[in-house]
Amino acid sequence: PDGARVPVLIVGSGYGGSVAALRLAQAGVDVHLVEMGMAWDTPGSDGKIFCNTREPDYRSYWLRTRTKAPLNYFLGFPIDRDIPRHTGVLDAEEFAGITVYQGRGVGGGSLVNGGMAVTPRRENFPAILPSVNAGEMYDVYYPRANAGLGVGTIDPAWFEGTDCYQYARVGRKHAQRSGFPFVFVPDVYDWDYMEQEAAGTVTKSALAGEILYGNNHGKKSLQKTYLARAKATGRVAVSPLHRVTTVAPASGGGYRVVIEQLDTTGAVTATKSVTADRVFFAAGSVGTSKLLVKLKATGALPNLNGEIGKGWGDNGNVMCGRANHLWDPTGSLQSAIPCCGIDNWAAGGAFAEVAPLPTGIETFASFYLSITNNPNRAQFTWNAAAGKAELSWQTAWKQPSIDMAKSIFDKINSKEGTIYRTDLFGVYKVWGDHLTYHPLGGAVLNKATDNYGRLTAYPGLYVIDGALIPGNTSVNPFVTITALAERNIEKIIATDL
Ligand code: FDA
């Protein structure tokens with residue numbers, strides 16, 4: 001409520017925010033979790049909470065009047081459609097050189113992501129988080145994160161026989177014939193549930209194209225894991241459709257947090273102010289970075305250091321499709337949950353997930369999202385005249401990612417006698433180089449913060465999300481975000497509270 005005083009306020013309910021909420025509540029601290037997206041706990045008139053990728057409706061996008069599908073063309077035709085403006089679950093946030101996809105709602109990115117739960121290879125860890133003790137991470141915090149998230153792996157025997165992973169088996173065959181290491185990738189999807197979907201005994205979710213705009217069953221989003229446990233403590237209050245706009249020192253100690261309440265059209269219906277002894281920034285790499293550069297530049301938190309906004313990367317994301325021969329169909333039924341990848345990180349700087357194209361028809365296409373070792377880093381700055389944060393990323397900075405992805409797919413194409421698809425991202429456009437699903441950095445650990453996420457100029461302010469990670473995790477990022485949050489909150493609870 002307006003004017004309240006709380007011990008801890010957390011901005012954002014994704015991985016970082018959910019870990020902080022659970023561990024603080026377990027330590028006996030009352031927590032107020034503020035989330036600008038919706039609660040996503042109430043079905044629409046069709047009985048479903050989320051819509052699927054084939055029929056995007058008002059629930060699909062955050063405050064857009066037209067969809068902005070990551071794969072925006074099919075057979076050379078644009079597939080985006082008009083939708084009512086609504087506080088939908090997927091934000092396609094446009095900066096000058098890149099569109100950054102993010103989840104909006106209680107659960108953050110866990111509502112919209114593929115659930116691929118990948119722990120980086122240990123030899124890659126020093127480059128991911130150079131100031132963090134790798135032994136502790138691999139002995140304690142990665143296992144804790146994997147357990148808390150409910151990570152599991154597909155039954156290999158079921159994988160071999162099910163129609164819905166025909167596309168993945170084709171991906172494996174092509175990878176192996178070109179000599180690339182093929183790996184199964186763990187996921188937070190309930191694999192038993194998926195087997196029942198395939199058997200026709202439960203309502204379909206992954207097998208009904210549910211992914212980008214939410215899963216109605218099967219996927220263990222944070223709502224079902226960390227946040228469920230956090231709420232069960234009785235110490236966590238959650239305010240959906242509330243957006244934090246300002247954090248500044250309060251005259252009587254602590255921090256004054258200004259919060260706008262939104263309706264489902266995105267209009268501000270009330271402005272509230274709360275005083276918090278401690279504030280955790282967990283608005284995601286983009287959300288936290290945008291807030292912090294604004295607060296530094298506008299004088300709310302002028303003593304934030306000069307690293308704020310820096311070190312932002314796209315995890316090297318780049319997409320492409322390959323056109324298979326007619327004897328290599330990828331299947332009309334495709335599970336929306338990816339389960340495998342091609343690991344050419346050491347030799348070529350690319351880890352490619354074999355991704356679904358759950359269109360419901362046979363496409364003879366293999367589709368891949370590559371994570372690459374792109375060295376480019378961008379910076380958020382505050383544009384006072386425009387009143388908004390900007391990101392310096394340029395589209396041309398994806399070229400190293402394209403080159404690294406080609407280290408895999410040029411070879412496969414030449415071995416198989418196949419070509420790239422040119423109809424998925426435009427007309428005669430091979431590379432999906434305009435976007436990322438994996439924003440990382442902007443308030444980098446041990447630079448913008450101390451080695452545990454403290455914004456040391458302001459005791460009681462912390463960063464605890466993907467903004468801490470300097471731009472690349474070599475694999476999909478949320479397990480690392482979760483594990484780092486587990487490490488940092490343990491230290492903060494032990495020493496600061
Ligand atoms: P996260 O973005 O999860 O949460 C931040 C929350 O803060 C959001 O809910 C946001 O609405 C809220 N917020 C922002 N500003 C606010 C403000 N001012 N006030 C209040 N609330 C605010 N990763 C992976 O490991 N495996 C995968 O398979 C995938 N797949 C994937 C697919 C797609 C389509 C996307 C978009 C992303 C993925 N990811 C992924 C990435 C993964 O989802 C992402 O890295 C994490 O969600 C980031 O976690 P954070 O805690 O940093 O922020």
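Quick notes on the rules
Residues numbered from 1 in each chain as written. Predicted model: local features only at pLDDT ≥ 70, side-chain atom pairs only at ≥ 80, totals over all residues. Heavy atoms only, no water. Helix = DSSP H or I, 4+ residues; strand = E, 2+ residues; numbered from the N terminus. Rg over C-alpha atoms; globule rule 2.2 N^0.38 Å. Buried < 20%, exposed > 50% of the residue type's maximum accessible area, 1.4 Å probe, protein only. Contact = heavy atoms within 4.5 Å. Areas by Shrake-Rupley, 256 points an atom, 1.4 Å probe, with all protein chains shown as cover. Lys, Arg positive; Asp, Glu negative; His and termini not counted. Charge placed at Lys NZ, Arg CZ, Asp CG, Glu CD. Pairing = 2+ DSSP bridges. Near = heavy atom within 4 Å. Polar contact = N/O pair within 3.5 Å; in protein donor to acceptor, adjacent residues only side chain to side chain. Nonpolar A, V, L, I, M, F, W, Y, C, P; charged D, E, K, R; others polar. Salt bridge = Lys/Arg side-chain N within 4 Å of Asp/Glu carboxyl O. Core = buried A, V, L, I, M, F, W, Y, C linked by side-chain atoms within 4.5 Å. Phe/Tyr/Trp six-rings, centres within 6.5 Å; stacked < 30°, edge-to-face > 60°. Axes fitted to C-alpha atoms, helices over the stretch in contact; angles between N-to-C directions. Parallel < 35°, antiparallel > 145°, perpendicular 65-115°, else oblique. Left-handed = near helix turned anticlockwise from the far one by under 90°. Expected span 1.5 Å × (residues − 1).

> Could you clarify how one ought to interpret the overall build of the chain in this entry?
A tally of regular secondary structure across the chain gives eleven helices and 20 strands. The C-alpha radius of gyration computed for the chain amounts to 22 Å, which stays within 12% of the reference 23 Å derived for 497 residues, consistent with globular compactness. Structurally, the chain occupies a C-alpha span of about 70 × 50 × 45 Å along its principal axes. Looking at the chain as a whole, 60% of its 497 residues qualify as buried. For the chain, the share of sequence-separated contacts (at least 6 apart) that also reach a separation of at least 24 residues comes to 72%. On the chain, roughly 17800 Å² of surface is accessible, and the fraction owed to carbon and sulfur atoms is 52%. The chain carries 46 positive and 44 negative side-chain charges, and their two centres are separated by 3 Å.

> Sorry if this is basic, but what is going on with the pairing of strand S14 (residues 350-355) here?
Consecutive side chains along a regular strand alternate between the two faces of the sheet. Most of S14 is tucked away: six of the six residues are buried. Relative to S14, strand S13 (residues 340-344) runs antiparallel, the two being bridged by four bridges. Bridge pairing in S14 places aspartate 343 opposite phenylalanine 351. Of the strand pairs in this sheet, S14 and strand S15 (residues 365-372) are connected by six bridges, and their pairing is antiparallel. What sits directly across from alanine 352, in S15, is serine 370.

> I'm lost on the site of the ligand in this one. Help?
The environment of the ligand is formed by 37 residues, the closest being Glu35, Gly109, Met116, Gly466 and Phe478. Tyrosine 15 is positioned such that a nitrogen or oxygen atom in its backbone is 2.9 Å from an oxygen atom of the ligand. Within the backbone of methionine 116, an N or O atom sits 2.7 Å from a nitrogen atom of the ligand. Look at the ligand: alone it shows 1000 Å² of surface, and the protein chains cover 95% of it. Counting residues per element, the ones that place at least two in the shell around the ligand are helix H1 (15-26), strand S6 (99-103), strand S9 (242-249), helix H8 (284-297) and helix H11 (478-496). Its residues assigned to classes, the shell around the ligand shows 16 nonpolar, 17 polar and four charged.

> Any chance you could explain the pattern of salt bridges here in plain terms?
Pairs may arise between side chains of opposite charge once their charged atoms sit close together. All told, the structure shown has 25 salt bridges when counted by the stated rule. For arginine 81, the salt bridge is made with glutamate 55, and the minimal N-O distance between the two is 3.6 Å. A residue pair is termed long-range when its members are at least 10 positions apart, and arginine 81 in the loop between strand S4 (77-78) and strand S5 (90-94) and glutamate 55 in the loop between strand S2 (31-34) and strand S3 (73-74) qualify at 26 residues. Because the salt bridges share partners, they merge into one network encompassing Asp91, Glu93, Arg104 and Lys290.

> Can you help me understand the nonpolar core in this one?
One recurring pattern in soluble globular proteins is that nonpolar side chains are buried together. Residues Leu9, Ile10, Val279 and Phe281 are the most contacted members of the largest nonpolar core, which totals 86 residues. The biggest single contributor to this core is H11, with eight residues. Sequence-distant contacts of leucine 9, defined by excluding residues within four places in its chain, comprise His32, Val34, Val244, Val257, Ile259, Val274, Ala276, Arg278, Val279 and Phe280. Core analysis: the second largest hydrophobic core is formed by 36 residues, Phe159, Tyr189, Cys340 and Ile412 among them.

> How should the packing of aromatic side chains be read in this particular structure?
The relation between two aromatic rings is expressed through the spacing of the ring centres and the mutual angle of the planes. If you walk through the whole model with that rule in mind, you get 20 aromatic pairs. Relative to tyrosine 462, the ring of phenylalanine 280 has its centre 4.5 Å away and its plane inclined at 15 degrees; by these criteria the two rings are stacked. Highlighted residues: phenylalanine 280 in strand S11 (residues 268-281) and tyrosine 462 in strand S20 (residues 461-463), separated in sequence by 182 residues. Where tryptophan 312 meets tryptophan 393, the ring centres are 5.9 Å apart and the plane angle is 85 degrees; that geometry is what we call edge-to-face. Of this pair, tryptophan 312 sits in the loop between H8 and strand S12 (318-323) while tryptophan 393 sits in the loop between strand S17 (388-391) and helix H10 (399-416); the two residues are 81 residues apart in sequence, bridging distant segments of the chain. The exposure class of tryptophan 312 is buried, given its relative accessible area of 0%. Residue class for tryptophan 393 comes out buried when judged on its relative accessible area of 2%.

> I would appreciate a short explanation of the packing of helix H3 (residues 134-149) against H11 in the present structure.
Two elements in contact, H3 and H11, have axes whose closest approach is 8 Å; the angle formed by their N-to-C orientations is 115 degrees. Our classification of the angle between H3 and H11 gives roughly perpendicular. For the pair H3 and H11, the crossing hand works out as right-handed. Where H3 approaches H11, its residues Met137, Tyr141, Tyr142, Arg144, Ala145, Asn146 and Leu149 are matched on the opposing element by Phe478, Val479, Thr480, Thr482, Ala483, Leu484, Glu486, Arg487 and Glu490. Tallied by class, residues from the contact of H3 with H11 come to nine nonpolar, three polar and four charged.

> Explanation requested: H8 in the structure shown.
Three or four residues apart is the spacing at which side chains of an α-helix point the same way, because the helix has 3.6 residues per turn. Its 14 residues place the ends of H8 20 Å apart at the C-alpha level, agreeing with the 20 Å of an ideal helix rising 1.5 Å per residue. Here H8 has its buried residues at Ser285, Val286, Gly287, Thr288, Ser289, Leu291, Leu292, Val293 and Leu295.

> It is not clear to me how the environment of threonine 87 should be interpreted in this structure. Could you clarify?
Within the secondary structure, threonine 87 sits in the loop between S4 and S5. Given a relative accessible area of 0%, threonine 87 falls into the buried group. Sequence-wise, threonine 87 and glycine 471 are 384 residues apart; in three dimensions their C-alpha atoms are separated by 28 Å. In contact with threonine 87, not counting residues within four places along its chain, are Met38, Trp40, Tyr61, Trp62, Leu63, Leu241, Asp263, Thr264 and Gly266.

> Sorry, what's going on with H1 here?
For H1, spanning twelve residues, the distance from its first C-alpha to its last is 17 Å, which sits close to the expected 16 Å at 1.5 Å a residue. For H1, the full list of buried residues reads Tyr15, Gly16, Gly17, Ser18, Val19, Ala20, Ala21, Leu22, Arg23, Leu24 and Ala25. In the segment just after H1, glycine 28 is the residue with positive phi, at about 95 degrees.

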